[in-house]
Amino acid sequence: MASEGLAGVLAAVLAGQGLRVQSCDSAPAGEPPAPVRLRKNVCYVVLAVFLSEQDEVLLVQEAKRECRGSWYLPAGRMEPGESIVEALQREVKEEAGLHCEPETLLSVEERGPSWVRFVFLARPTGGILKTSKEADAESLQAAWYPRTSLPTPLRAHDILHLVELAAQYRQQARHPLLLPQELPCDLVCQRLVATFTSAQAVWVLVGTVGMPHLPVTACGLSPTEQRGGMKMAVLRLLQECLTLHHLVVEIKGLLGLQHLGRDHTDGICLNMLVTVAFQSPGIQDEPPKVRGENFIWWKVTEEGLQSQLLQRLQGSSVVPVNR
């Protein structure tokens, strides 16, 4: 792939579009990662935040025995064969009685590669709000509450941050609207837009095995990788080509999300924005030296693309990924 091809790929990723995962540039030591399967070795959760024009939040009252009567945002586990959006729509319909459309991904939360939660800002498009007369095993009822006066007890207080994140996004969007792209993937993996910036230029790390491409790192499901979280796979790939002890690596956040769900393809690919910088102060005009022959630094010369990339970097214009 010539420089023009790389520029097109980078532009697509910055725009939230997906690219099919052909292979991985880094994988855990030992046996190659096995394909991921919902209900077997991975769990994905969807959660929706609804904010009305009156600044009210949609909550559902839990029916499960361990938290019966408490309140929470509409949420639940994805089922095999579903896309992420289909799972979100099903959960909202079951728990709140409403049809909905997601507006944007708000955040991604992970407890290692085998447990990932996708948080959306969503809007209702129809249906009838579930009342106590329709109570079932999914929920007891749903109701709108003022954002500043939520009911008690809450099932968990982690939703408070998510409600505020949605309110902040409504006031001033920190990142472009972003929805999952339906593309198949067998693994939990991350495609890196790993950058180095100087006063005059921006470089992006590129894999050179086969056609030049943005590097992809596979996440393992071992206890070690679970404890280390998804950051571990990013650092593993960078460690394989850079000397990290004199560098600072920062994972800025998510540029795009890929998943299909059909045909037993339960994997996800997260397109991640990463910065690499030298620890020691001073002006560094060149990126750190790459070890081996599998990676190079590609200098972004197209002015519009460089401007887009710098804007995303300087404004942290990404979907946050939290652990």
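Residues numbered from 1 in each chain as written. Predicted model: local features only at pLDDT ≥ 70, side-chain atom pairs only at ≥ 80, totals over all residues. Heavy atoms only, no water.

Turning next to the overall build of the protein chain. Of the regular secondary structure elements, the protein chain holds 6 helices and 14 strands. Taking 323 residues into account, the globule formula puts the C-alpha radius of gyration at 20 Å, and the protein chain, at 21 Å, falls close to it. Along the first, second and third principal axes, the C-alpha atoms of the protein chain reach 65 × 45 × 35 Å. In the protein chain, which comprises 323 residues, the proportion classed as buried is 53%. In the structure as shown, the protein chain presents an accessible area of about 15,100 Å², 50% of it carried by carbon and sulfur atoms. The positive charge centre, built from 30 side chains, and the negative charge centre, built from 35, are 4 Å apart in the protein chain. (Helix = DSSP H or I, 4+ residues; strand = E, 2+ residues; numbered from the N terminus. Rg over C-alpha atoms; globule rule 2.2 N^0.38 Å. Buried < 20%, exposed > 50% of the residue type's maximum accessible area, 1.4 Å probe, protein only. Areas by Shrake-Rupley, 256 points an atom, 1.4 Å probe, with all protein chains shown as cover. Lys, Arg positive; Asp, Glu negative; His and termini not counted. Charge placed at Lys NZ, Arg CZ, Asp CG, Glu CD.)

Turning next to the domain arrangement of the protein chain. When the domains of the protein chain are assigned, the result is domain 1 (12-36 + 185-313) and domain 2 (43-171). Counting residues at the interface gives 20 residues for domain 1 and 15 residues for domain 2. Put simply, domain 1 and domain 2 have 4 residue pairs in polar contact (both at pLDDT 80 or more) between them. Every element with two or more residues in the side of domain 1 that touches domain 2 is listed here: α4 (223-228), β11 (247-259) and β12 (268-278). Considering every element that reaches the side of domain 1 that touches domain 2, the biggest residue donor is β11, with 3 residues. The class makeup of the residues in the side of domain 1 that touches domain 2 is 10 nonpolar, 6 polar and 4 charged. (Domains from an automatic or database assignment. Contact = heavy atoms within 4.5 Å. Polar contact = N/O pair within 3.5 Å; in protein donor to acceptor, adjacent residues only side chain to side chain. Nonpolar A, V, L, I, M, F, W, Y, C, P; charged D, E, K, R; others polar.)

As a further point, take the environment of T243. Within the secondary structure layout, T243 lies in the loop between α5 (231-241) and β11. Given the relative accessible area of 28%, T243 is considered partly exposed. Distance from T243 to Q181, taken between C-alpha atoms, is 34 Å for residues 62 residues apart in sequence.

With that settled, consider the pattern of salt bridges. The final tally for this structure, using the stated rule, is 16 salt bridges. The salt bridge partner of R147 is D55, with a shortest N-O separation of 2.9 Å. Here R147, found in the loop between β7 (141-146) and α3 (158-171), pairs with D55, found in the loop between β1 (43-50) and β2 (56-61); they are 92 residues apart in sequence, far enough to count as distant. Between R90 and E82 there is a salt bridge, with the nearest N and O atoms lying 2.5 Å from each other. One salt-bridge network, in which partners are shared between bridges, spans E82, R90, E91 and E94. (Salt bridge = Lys/Arg side-chain N within 4 Å of Asp/Glu carboxyl O.)

Applying the stated rule across the entire model yields 5 aromatic pairs. Relative to F118, the ring of Y44 has its centre 5.9 Å away and its plane inclined at 65°; by these criteria the two rings are edge-to-face. Residue Y44 is found in strand β1, and its partner F118 is found in strand β6 (residues 115-127); the two are separated by 74 residues along the sequence. Feature note: the residues F196, W203, F278 and W297 constitute an aromatic cluster, connected by ring pairs. One residue, R111, lies across the ring of W115, its end atom 3.8 Å from the ring centre. Here the basic side chain of R155 rests over the ring of Y72, its NZ or CZ set 3.9 Å away from the ring centre. (Phe/Tyr/Trp six-rings, centres within 6.5 Å; stacked < 30°, edge-to-face > 60°. Lys NZ or Arg CZ within 6 Å of the ring centre and 35° of its normal.)

Mapped onto this numbering, the UniProt entry gives "domain: Nudix hydrolase" (unreviewed entry) at residues 37-167. As a span, residues 37-167 carries 18% helix and 39% strand, and end to end its C-alpha atoms are 34 Å apart. (UniProt positions renumbered as here; feature names shortened; annotations may be inferred.)

Right, let's talk about unusual backbone geometry for a bit. That bond from T152 to P153 is cis: its omega, -5°, falls within 30 degrees of zero. Mapped onto the elements, P153 comes out in the loop between β7 and α3. Even without being glycine, R39 reaches a positive phi, approximately 75°. With respect to the secondary-structure elements, R39 resides in the loop between α1 (3-14) and β1. Given the relative accessible area of 66%, R39 is considered exposed.

This paragraph deals with the sheet that holds β6. The 5 strands lie next to each other as β4-β1-β6-β5-β14, forming an open sheet whose pairing is mixed. Since the sheet does not close on itself, it has two edges, and those belong to β4 (75-77) and β14 (321-322), each with one partner. The sheet contact formed by strand β5 (residues 98-110) and β6 spans 11 bridges and is antiparallel. The residue of β6 that forms the bridge with S107 is V119. The strands touched by α3 within the sheet are β1, β5, β6 and β14, with β5 carrying the most contacts at an inclination of about 110°. (Pairing = 2+ DSSP bridges. Axes fitted to C-alpha atoms, helices over the stretch in contact; angles between N-to-C directions.)

A word on the sheet that holds β7. Taken in spatial order, the 3 strands of this open sheet run β3-β2-β7, and their pairing is antiparallel. Of all strands in the sheet, those with a lone pairing partner are β3 (71-72) and β7, marking the two edges. Bridge analysis of β2 against β7 gives 6 bridges, and the strand direction is antiparallel. Note on β7: the bridge partner recorded for Q61 is Q141.

Most of strand β8 (residues 188-197) sits inside the fold, with 9 of its 10 residues counted as buried. Bridge analysis of β8 against β12 gives 8 bridges, and the strand direction is parallel. Considered in β12, the bridge of Q190 is made with L270. Note that β8 and strand β10 (residues 216-218) share 3 bridges and pair antiparallel. Across the sheet, the residue bridging to C189 is A218, located in β10. Relative to strand β9 (residues 202-207), β8 runs antiparallel, the two being bridged by 3 bridges. Within β9, the residue paired with T197 across the bridge is V202. With antiparallel pairing between neighbouring strands as the criterion, β8 and β9 make up a hairpin whose turn holds 4 residues.

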